[in-house]
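What follows is each chain in one-letter form.
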Amino acid sequence: MLEFFLAELRRFRNGAAAYALANVVVLSVLQQMLDVPNGPVGLHIIMLGFYVLSGLALAVYQFGSYRQPSRWIWLQHRPVHRARILAALVLAAAVLGAVAVALPLCAALRIQAHYTRSVVDARHYAGAAYLALSALTAWLAGGYITLHRSRWAFVVFVLPAVLTVRLATASTVLGLTAASAVVLLGLLYTVFRPGRSAADDTVATAASALPLQACLYVALLWAGSMLYQAGLVATGTHPQVMTPTPAGGPTAAYRSDPVLRMRAALAGSADPRAAGWRAALDAGTMVRVPNAIHQYGVRGILTTQGQVRFVKGETLWTFSHDRMQYRGVDPRDRTDQGTFGAGGPGTPERFDTVPDALGDRQGLLWMYDAHNLYRVEQPGMRLRHVLRVDGQEQVGGVAVLGQRMLVLTNRRVAILAPATAAPVSATDVRLPLPYGDLALAEAAQVPDGMLVSFVYGRRQFDGSPASDQVTYLVDNTGRVLEVSRRTLAHDLPPLFEHRAWWVSPALHALVTLPDLLIDNGTVPDYGVGRFAPLLQPRPAIVWAAALVAALLAGAGAAWWTRRAGLGRAARIAWCVACLLLGVPALLSLMLLQPRRQAVTAGRGAIYTGGFIDLPRKS
């Protein structure tokens, strides 16, 4: 279908050329105001949304014009298989996207690399390919929505949004986007047929069912969660907006004063020294150990994550993923200031991941990547290596309390001497619960040593059962003793916390699987298996809700398939699918198999398989 492919290129060549020219101009203007390739994630999301809307607009215009009855007959009724016709349209859209999106982006990157000293890595060129491929993905989704007979077909947009918008390496994101495009191409092929109003065949229905069910599952969770929480906020009963905050829960613990929070933890301690510790607590002898790092920027990440840029003196340092070092530029005259490695300016050592920086109450500054902690020594910004952890263990934060330095990892709190970085205690304080659930980590100096308290419940809204406050004493001899454990109440009902599971356990596993398999730099829970989130315990009421939802979906499928006039085998298949996959499968059934129209158009009406023709008057 070469002629049709060339005809589509000729049809949109002027529009593509104008779009490409405008793209270059806008990128040039933006680059004068900020560093677009190394800009924040928000900027890149805005750019992604713009190109996605452009691809969607092209699809709506293109397929909207072809779906007119006379043009649809002209397009489809020819001695060529519909797959070749669709292939010509897809190839034309891909070429137009490459010319209008990828080419201007690559040209802007090449100009920036040649005429400036800004950092341009290979991942930035991969980002240009990703934006062009995302525009093509949006075009495929737009074509499916335009040609589908259901007004709810727009839920298919959930698929690329969930599958491709990830803080992962460029190769991973490009692979996921290509896979999403293949799935959407298959969905588009199922509706790209001569009789658009005719029912799907078995193969088309089976090919459309699972992707639609996954999209409906995510859309149902998003909409249901937002509506429920909006209702709680409107009635003033949401725990995060209530005044006063419900006592005994994680929200109340996070918002309370540090001294009061530590005293509440010690209130139930059986240690006879606890009363003295509570009286001795003071804000001046307490420190919070930051645990804000839950995700590092992996090498080759498609967007930005971590301490990508910082200014020291007259030098602007920008991180390069190709070198895994910072590159310095003097903004005044754009002169090159060399590199900044893991040892400081001019050193050849490389960082393991994109580093993060942290300052503390004493004015010290720290830099750390996933496995290394460095102390910044002034003047000169030299980095002194303090600690290295290996394997699954990763650095989470650091603080100094008196003569002790506390380094939080996803496994423990290492207690070191600030001057020498030598261990102070014979045994580190091991985290009692998974790191991902840790919301706060604090330490306080008391006469008998140092109290270290962990407040959990960060993932409670997502169904994690870990929501305790556990406090340890590190005495003056270095021994570690658990002195209290307080269970925090749940702020929201279990059906909301476990909503992602009971709606459809099978689809929950399917949607969660990419997050478990893709390395996006998330700090893992030490000693916990990769697939542990799929095996976490569920309360009895959640199991009951999952069973009721499955039975209701199966009953709804039995009723709907009878109204839709499906055959025995199709009815059984849909009922089994709804029992296994729950409510999203029932919703996909309603989209893919609408009810048969009743023949009630009046006397003399003739049913013609979807259209009702009334006899004309002579």
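What comes next is a walk through the structure.

Time to look at the overall build of the chain. A count of helical and extended segments in the chain gives 17 helices and 20 strands. C-alpha atoms of the chain, sized along the principal axes, occupy 105 × 65 × 40 Å. Across the 618 residues of the chain, 48% fall into the buried class. If you sum the accessible surface of the chain, you get close to 29100 Å²; carbon and sulfur atoms cover 63% of it.

Here strand β7 (residues 356-359) shows a clear split, with Asp356 and Leu358 buried on one side and none of Ala357 and Gly359 buried on the other. Strand direction decides the pairing type here: β7 and strand β8 (residues 365-368), joined by four bridges, are antiparallel. The partner of Gly359 across the bridge, within β8, is Leu365.

By the definition in use, this model includes 17 salt bridges. Of the charged contacts, one joins Glu442 and Arg261 as a salt bridge, the two residues approaching to 2.4 Å between their closest N and O atoms. Taken together, the residues Glu442 in strand β15 (residues 438-446) and Arg261 in helix α10 (residues 258-267) connect sequence positions 181 residues apart. The burial state of Glu442 is the same as that of Arg261; both residues are buried. When the shortest N-O distance is used, the salt bridge between Arg273 and Asp271 registers 3.0 Å. Look at Arg273 and you get partly exposed, because its relative accessible area is 33%.

Here we take up the packing of aromatic side chains. Following the criterion strictly, the structure yields 18 aromatic pairs and no others. Ring centres of Phe12 and Tyr61 lie 6.1 Å apart, and the angle between their planes is 80°; on these two criteria the pair is classed as edge-to-face. Of this pair, Phe12 sits in helix α1 (residues 2-33) while Tyr61 sits in helix α2 (residues 41-66); the two residues are 49 residues apart in sequence, bridging distant segments of the chain. Judged by its relative accessible area of 12%, Phe12 falls in the buried class.

What follows concerns the pairing of strand β9 (residues 372-377). Two faces make up the sheet, and in a regular strand the side chains alternate between them. Along β9, five of the six residues are buried, which leaves the element largely enclosed by surrounding structure. Where β8 lies against β9, four bridges are found, and the strand directions are antiparallel. Within β9, the residue paired with Tyr368 across the bridge is Leu373. Between β8 and β9, which pair antiparallel one after the other, the connecting turn spans three residues. Relative to strand β10 (residues 382-388), β9 runs antiparallel, the two being bridged by six bridges. Paired with Leu373 across the strands is Leu387, a residue of β10.

Quick notes on the rules
- Residues numbered from 1 in each chain as written.
- Predicted model: local features only at pLDDT ≥ 70, side-chain atom pairs only at ≥ 80, totals over all residues.
- Heavy atoms only, no water.
- Helix = DSSP H or I, 4+ residues; strand = E, 2+ residues; numbered from the N terminus.
- Buried < 20%, exposed > 50% of the residue type's maximum accessible area, 1.4 Å probe, protein only.
- Areas by Shrake-Rupley, 256 points an atom, 1.4 Å probe, with all protein chains shown as cover.
- Pairing = 2+ DSSP bridges.
- Salt bridge = Lys/Arg side-chain N within 4 Å of Asp/Glu carboxyl O.
- Phe/Tyr/Trp six-rings, centres within 6.5 Å; stacked < 30°, edge-to-face > 60°.

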